[in-house]
Amino acid sequence: MSDTLKQHQGRRVRITGYVVQQEVATLGRFLLTLRPVQMSQHADGEADDLPPATVFVRLDASQQDWAVVHAHGLVEVTGTLDVGRLEESDGRVSWFRIQLEPQAVRAMNRVELDNHLHSLQHSH
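In what follows, the accompanying structure is described. Worth saying up front: this structure is predicted, and the values here are computed from it rather than measured.

Calculation notes
- Residues numbered from 1 in each chain as written.
- Predicted model: local features only at pLDDT ≥ 70, side-chain atom pairs only at ≥ 80, totals over all residues.
- Heavy atoms only, no water.
- Patch = residues over 30% accessible without salt bridge, like charges linked within 9 Å, V, L, I, M, F, W, Y side chains within 5 Å.
- Areas by Shrake-Rupley, 256 points an atom, 1.4 Å probe, with all protein chains shown as cover.
- Salt bridge = Lys/Arg side-chain N within 4 Å of Asp/Glu carboxyl O.
- Buried < 20%, exposed > 50% of the residue type's maximum accessible area, 1.4 Å probe, protein only.
- Pairing = 2+ DSSP bridges.
- Helix = DSSP H or I, 4+ residues; strand = E, 2+ residues; numbered from the N terminus.
- Axes fitted to C-alpha atoms, helices over the stretch in contact; angles between N-to-C directions.
- Core = buried A, V, L, I, M, F, W, Y, C linked by side-chain atoms within 4.5 Å.
- Contact = heavy atoms within 4.5 Å.

### Overview of a nonpolar patch on the surface
Here is step 1: The grouping of Met-1, Val-93 and Trp-95 at the surface amounts to a nonpolar patch, some 260 Å² of accessible area in total.
Here is step 2: The partly exposed category is assigned to Val-93, whose relative accessible area is 32%.

Right under this line is the structure:
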């Protein structure tokens, strides 16, 4: 890891990437990658092919029971960056983590939720 990257520890950063598509969303966090990735937990168990630069995006503590569904296309997140070997609550190791502020995530409106549920029915 470069010294330049390490110097961003604890700083507010903005990152653009793709939300990793998971069969089951993890409450309170989601994964962001530089390229579209789909994880198949049921077929592969805990094995996955996440790129090394995967960013673990954590929601605010007040939103730990929220699930962020997959979003098609690029998304942009802004938050405080943690750099280094970090162990997640499920035992995964991450190298990059962004802590979001409460206003960074909003609830889906009814049309967005209906469209999301419809897309899940036709994604197989």
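Moving on, there is more to tell.
### Some thoughts on the sheet that holds strand E5 (residues 93-100)
Here is step 1: The strand order around the closed barrel built from five strands is E1-E2-E3-E5-E4, with neighbouring strands paired in mixed fashion. The mean angle between the axes of side-by-side strands here comes to 55°, regardless of whether they run parallel or antiparallel.
Here is step 2: Alignment of strand E1 (residues 12-19) against strand E2 (residues 29-33), held across two bridges, turns out to be antiparallel. In the sheet register, Tyr-18 faces E2, and the bridge partner there is Thr-33.

### Digging into the nonpolar core
Here is step 1: Formed by 13 residues in total, the largest nonpolar core has its most connected members in Phe-30, Leu-32, Val-55, Val-57, Val-77, Ile-98 and Leu-100.
Here is step 2: Listing elements by their share of this core, those giving two or more residues are E1, E2, strand E3 (55-58), strand E4 (74-87) and E5.
Here is step 3: Residues in contact with Ile-98, not counting those within four places in the same chain, are Val-13, Ile-15, Val-55, Phe-56, Val-57, Arg-58, Val-77, Thr-78, Gly-79, Thr-80 and Leu-81.
Here is step 4: Val-20, Leu-31, Met-39 and Leu-50 belong to the second-largest nonpolar core, a separate cluster that totals six residues.

### Observations regarding the environment of Ser-89
Here is step 1: Summarising the element assignment, Ser-89 is placed in the loop between E4 and E5.
Here is step 2: Setting aside chain neighbours within four positions, we find Ser-89 in contact with Arg-29 and Arg-58.

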